[in-house]
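Listed below are the residues making up each chain.
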Amino acid sequence: MTDTLTIPRPDDWHLHLRDGAMLQAVLPETARHFGRAIIMPNLVPPVVTAAQAAAYRDRILAALPEGMAFEPLMTLYLTEDTDPADVAAAHASGLVKAVKLYPAGATTNSASGVTNFDNVRAVLEKMAEIGLPLCTHGEVTDHDIDIFDREALFIDRVLDPVRRATPGLRVVMEHITTKNAADYVASQAQDLGATITTHHLIINRNHILAGGIKPHYYCLPVPKREAHRLALRAAATSGDKRFFLGTDSAPHTDPNKQSACGCAGCFTAPNTMSLLAHVFEEEGALDKLAGFAAEHGPAFYRLPVSNESLTLTKSDTAVQFPEKIETEDGPVTVFDPGFEVFWRAGA
């Protein structure tokens, strides 16, 4: 049995760092293991211009502890007022690596998102022309649609029509949660990839609701039935280069999670790599972990694989992860998989 595994230093292709005190507290948890991350732009107010992205990048780098190396890969929040020329200039400068589509009302701080896709057609066409990826939160938000059906309907109603209308547009379906999404990605020959989170490989909707509501398992898109979780595991561990890691690690303070209208998000940055080693070992696919966590994402984003490495070591003693991370805004609970983990990442 393999008890030591060394892979290229991984990257996180979907990460929430927030801002201010929260940023200061959670950034080291990502930088400890990850060399780069695609940074989500859904701040308040959202990051919609190149100037705002540059200022946010500077705040992230200023919060990085001395001795840690980490590269934030910035994104712009797509609105119906986004300027195609600003997007193109931000991409040409090397600042912005993707544009993020949030259907209005889909998730945390998404009120500024897109309602009418005809209003962003010029931006999408410019992105296709310059090769800038579109990252999608893949859910329709109509009030008459069941929350468990949002992703599958997004593919049919929004994603496939947008891709057909915009040849050459490179798209990342972020945090996919269904067999429908995994099958759609696998059926496409080019210009489409998908990120899969750590927590969607581990929990299904029963984990949130059975035996009492578990607010720290609540996230968007919500986990689905067990059959979908197993389909995600199969995709992540398949070695298919269209699937790669995006943790969607999303910190919220405990009072904001444990409230009458709790925030959506799982904070997985501290233990993701250990959990992934556990999952991939269960699936008999430890040899595929390097691809999923460190190689497929750079290939899609046309960036080099890290020349640094991360070593995962398995022992007979369960790893003790912190239960919470303290911030000046309040405590943030670390995702608990509900089982013991014996893989330790790095030192």
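Treat the numbers as computed from the prediction; the structure is a model and nothing was measured.

**Student:** So what exactly am I meant to see when it comes to the overall build of the protein chain here?
**Tutor:** In terms of regular secondary structure, the protein chain is built from 11 helices and 13 strands. Radius of gyration (C-alpha) of the protein chain: 19 Å, near the 20 Å computed for a compact globule of 347 residues. A principal-axis box enclosing the C-alpha atoms of the protein chain has dimensions of 55 × 45 × 45 Å. Relative to its full complement of 347 residues, the protein chain shows a buried share of 57%. Here the protein chain has roughly 13900 Å² of accessible surface; of this, 50% comes from carbon and sulfur atoms. Here the protein chain holds 30 positive side-chain charges and 43 negative ones, and the gap between their average locations is 3 Å.

**Student:** Explain the environment of Asp329 to me, please; I cannot follow it from the model alone.
**Tutor:** Looking at where Asp329 falls in the secondary structure, it is placed in the loop between β11 (324-327) and β12 (330-333). Separated by 309 residues in sequence, Asp329 and Gly20 place their C-alpha atoms 9.2 Å apart. When neighbours within four sequence positions are excluded, Asp329 is seen to be in contact with Ala21, Met22 and Thr253.

**Student:** Just checking my understanding: could you explain the sheet that holds strand β10 (residues 309-314) for this structure?
**Tutor:** Two strands in a sheet stick together by hydrogen bonds in their backbones, pointing the same way (parallel) or opposite ways (antiparallel). The sheet built from three strands is open, its strands ordered β1-β10-β13 with antiparallel pairing. Pairing within the sheet leaves two strands with one partner each, and these edge strands are β1 (4-8) and β13 (343-345). The mean angle between the axes of side-by-side strands here comes to 20 degrees, regardless of whether they run parallel or antiparallel. Each of β1, β10 and β13 is contacted by helix α10 (residues 272-282), which is oriented at about 140 degrees to β13, the strand it contacts most. The sheet strands contacting helix α11 (residues 289-301) are β1 and β10, and the helix crosses β1 at an angle near 25 degrees.

**Student:** What is the right way to read the nonpolar core from this model?
**Tutor:** Across soluble globular proteins, nonpolar side chains have a tendency to be buried as a group. Core analysis: the biggest nonpolar cluster contains 93 residues, and Leu17, Phe70, Met173 and Met273 have the highest contact counts within it. Counting 12 residues, the second-largest nonpolar core is a separate cluster that includes Tyr77, Ala98, Cys135 and Phe300.

**Student:** For this particular structure, what's the right way to read helix α1 (residues 20-31)?
**Tutor:** Each α-helix winds once per 3.6 residues, and so residues spaced three or four apart point in a common direction. In this model α1 runs 17 Å from its N-terminal to its C-terminal C-alpha over 12 residues, within 8% of the 16 Å that 1.5 Å per residue would give. Among the 12 residues of α1, nine are classified as buried, and the element is accordingly described as predominantly covered. Taken together, the buried positions of α1 are occupied by Met22, Leu23, Ala25, Val26, Leu27, Pro28, Glu29, Thr30 and Ala31. Those residues of α1 that are buried are in contact with β2 (12-15), α2 (50-63), β11 and β12.

**Student:** Whenever I open this one, the side chain of Thr247 confuses me. Can you help?
**Tutor:** Residue placement: Thr247 occurs in the loop between β9 (243-245) and α9 (254-257). A polar atom in the side chain of Thr247 sits 3.4 Å from the backbone oxygen of His14. Contact partners of Thr247, with chain neighbours within four places excluded, come to Asp12, His14, Leu15, Phe34, Thr197, Thr198, His199, Thr268 and Thr272.

**Student:** Before we go on, may I ask you to explain the environment of Met22 in this structure?
**Tutor:** Considering the arrangement of structural elements, one finds Met22 in helix α1. Residues Met22 and Val279 lie 257 residues apart in sequence; the distance between their C-alpha atoms is 29 Å. If near-sequence neighbours (up to four positions away) are discounted, Met22 is found in contact with Leu17, Pro251, His252, Thr253, Thr327, Asp329 and Val332.

About the thresholds
Residues numbered from 1 in each chain as written. Predicted model: local features only at pLDDT ≥ 70, side-chain atom pairs only at ≥ 80, totals over all residues. Heavy atoms only, no water. Helix = DSSP H or I, 4+ residues; strand = E, 2+ residues; numbered from the N terminus. Rg over C-alpha atoms; globule rule 2.2 N^0.38 Å. Buried < 20%, exposed > 50% of the residue type's maximum accessible area, 1.4 Å probe, protein only. Areas by Shrake-Rupley, 256 points an atom, 1.4 Å probe, with all protein chains shown as cover. Lys, Arg positive; Asp, Glu negative; His and termini not counted. Charge placed at Lys NZ, Arg CZ, Asp CG, Glu CD. Contact = heavy atoms within 4.5 Å. Pairing = 2+ DSSP bridges. Axes fitted to C-alpha atoms, helices over the stretch in contact; angles between N-to-C directions. Core = buried A, V, L, I, M, F, W, Y, C linked by side-chain atoms within 4.5 Å. Expected span 1.5 Å × (residues − 1). Polar contact = N/O pair within 3.5 Å; in protein donor to acceptor, adjacent residues only side chain to side chain.

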